[in-house]
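Structural characterization, general
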Amino acid sequence: MNAFVTAGTGFLLAVLWFDLMFDLQVASRRDRPQRLPEEVLASIAAYYRRVTTAARPMNRLIGAVMVATIVAIVVQIAGDDAPAWVAWASLALAGSAIALAAAHTFPSAVRLGARTDPVEVQSRIARSICRDHLLCLAAIASTLAIQLAFGG
């Protein structure tokens, strides 16, 4: 099961890397205005419109990998493929990142991609997506590191 968990978390880490290439445009704004510049919002919103709605059915692949990764970790818990603490820590880390992505990040990305909100709201959403992705990056990278170092 370790191979499935590491493959899933590796894939999710790569997805987060691509997302953060766009998200970090908000972090690079040293002046931190309430409203992000139009070119920054346009870039981020266009990316999220493509990957959340325009890329069907391929956009479903990420959700499928998330589910498969959680299933692999649960199977790892049920079996003896790895120390119990590795599997439980992986479930807590990956599970929290995936829950955040499903409950907040993905709906926010769809909303930002639609560009129907006022600029101030879009700016706030873009910043929250960036924060979510940084948290998810830490959780998924930690899961991958634990699995590679101690997963068996």
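A short tour of the structure in this document, coming up. Owing to the predicted nature of the structure, the values given are computational and were not obtained by experimental measurement.

**Points about the overall build of the protein**
Each helix and strand in the protein was counted, giving five helices and zero strands. In sequence order, the protein lays out its α and β elements as α-α-α-α-α. If you line up the protein on its principal axes, its C-alpha atoms span 50 × 35 × 20 Å. When burial is assessed residue by residue, the protein has 41% of its 152 residues classed as buried. Taking contacts inside the protein between residues at least 6 apart in sequence as the whole, the part at least 24 apart equals 77%. Roughly 7,900 Å² of accessible area belongs to the protein as shown, and the carbon and sulfur atoms make up 68% of that amount. Of the charged side chains in the protein, 13 are positive and 10 negative, and the gap between their average positions amounts to 8 Å.

**Re a nonpolar patch on the surface**
A contiguous nonpolar patch, built from Phe11, Met58 and Leu61 and spanning about 270 Å² of accessible area, is present on the exposed surface. Within the element layout of this structure, Phe11 appears in helix H1 (residues 2-27).

**Quick look at the packing of aromatic side chains**
This structure, assessed with the given rule, holds three aromatic pairs. Considering the side-chain rings of Tyr47 and Tyr48, the 5.0 Å spacing of their centres and the 70 degrees angle between planes classify their relative orientation as edge-to-face. Residue Tyr47 is classed as buried on the basis of its relative accessible area of 10%. Aromatic ring contacts, followed pair by pair, group Phe22, Tyr47 and Tyr48 into a single cluster.

**Let's talk about the pattern of salt bridges**
Applying the stated rule across the entire model yields three salt bridges. Between Glu120 and Arg35 there is a salt bridge; the shortest N-O distance is 3.3 Å. Taken together, the positions of Glu120 in helix H5 (residues 119-150) and Arg35 in the loop between H1 and helix H2 (38-54) put the pair 85 residues apart, joining distant regions of the chain. The residue Arg115 makes a salt bridge to Glu38 at a minimum N-O spacing of 2.9 Å. Of this pair, Arg115 sits in the loop between helix H4 (84-114) and H5 while Glu38 sits in helix H2, placing them 77 residues apart in sequence. Looking at Arg115, the relative accessible area reads 25%, which means it is partly exposed.

**Notes on the packing of H4 against H5**
One way to put it is that H4 packs onto H5 with a least axis distance of 9 Å and a crossing angle of 160 degrees. Regarding the angle of H4 to H5, the classification is roughly antiparallel. Considering only the axes of H4 and H5, their crossing is left-handed. Of the residues assigned to the contact of H4 with H5, the class counts are 19 nonpolar, 10 polar and two charged.

**Observations concerning the environment of Met1**
Mapped onto the elements, Met1 comes out in the segment before H1. Aside from chain neighbours lying at most four places away, what touches Met1 is Ala72, Val75, Gln76 and Asp81.

What counts, and at which threshold
- Residues numbered from 1 in each chain as written.
- Predicted model: local features only at pLDDT ≥ 70, side-chain atom pairs only at ≥ 80, totals over all residues.
- Heavy atoms only, no water.
- Helix = DSSP H or I, 4+ residues; strand = E, 2+ residues; numbered from the N terminus.
- Buried < 20%, exposed > 50% of the residue type's maximum accessible area, 1.4 Å probe, protein only.
- Contact = heavy atoms within 4.5 Å.
- Areas by Shrake-Rupley, 256 points an atom, 1.4 Å probe, with all protein chains shown as cover.
- Lys, Arg positive; Asp, Glu negative; His and termini not counted.
- Charge placed at Lys NZ, Arg CZ, Asp CG, Glu CD.
- Patch = residues over 30% accessible without salt bridge, like charges linked within 9 Å, V, L, I, M, F, W, Y side chains within 5 Å.
- Salt bridge = Lys/Arg side-chain N within 4 Å of Asp/Glu carboxyl O.
- Phe/Tyr/Trp six-rings, centres within 6.5 Å; stacked < 30°, edge-to-face > 60°.
- Axes fitted to C-alpha atoms, helices over the stretch in contact; angles between N-to-C directions.
- Parallel < 35°, antiparallel > 145°, perpendicular 65-115°, else oblique.
- Left-handed = near helix turned anticlockwise from the far one by under 90°.
- Nonpolar A, V, L, I, M, F, W, Y, C, P; charged D, E, K, R; others polar.

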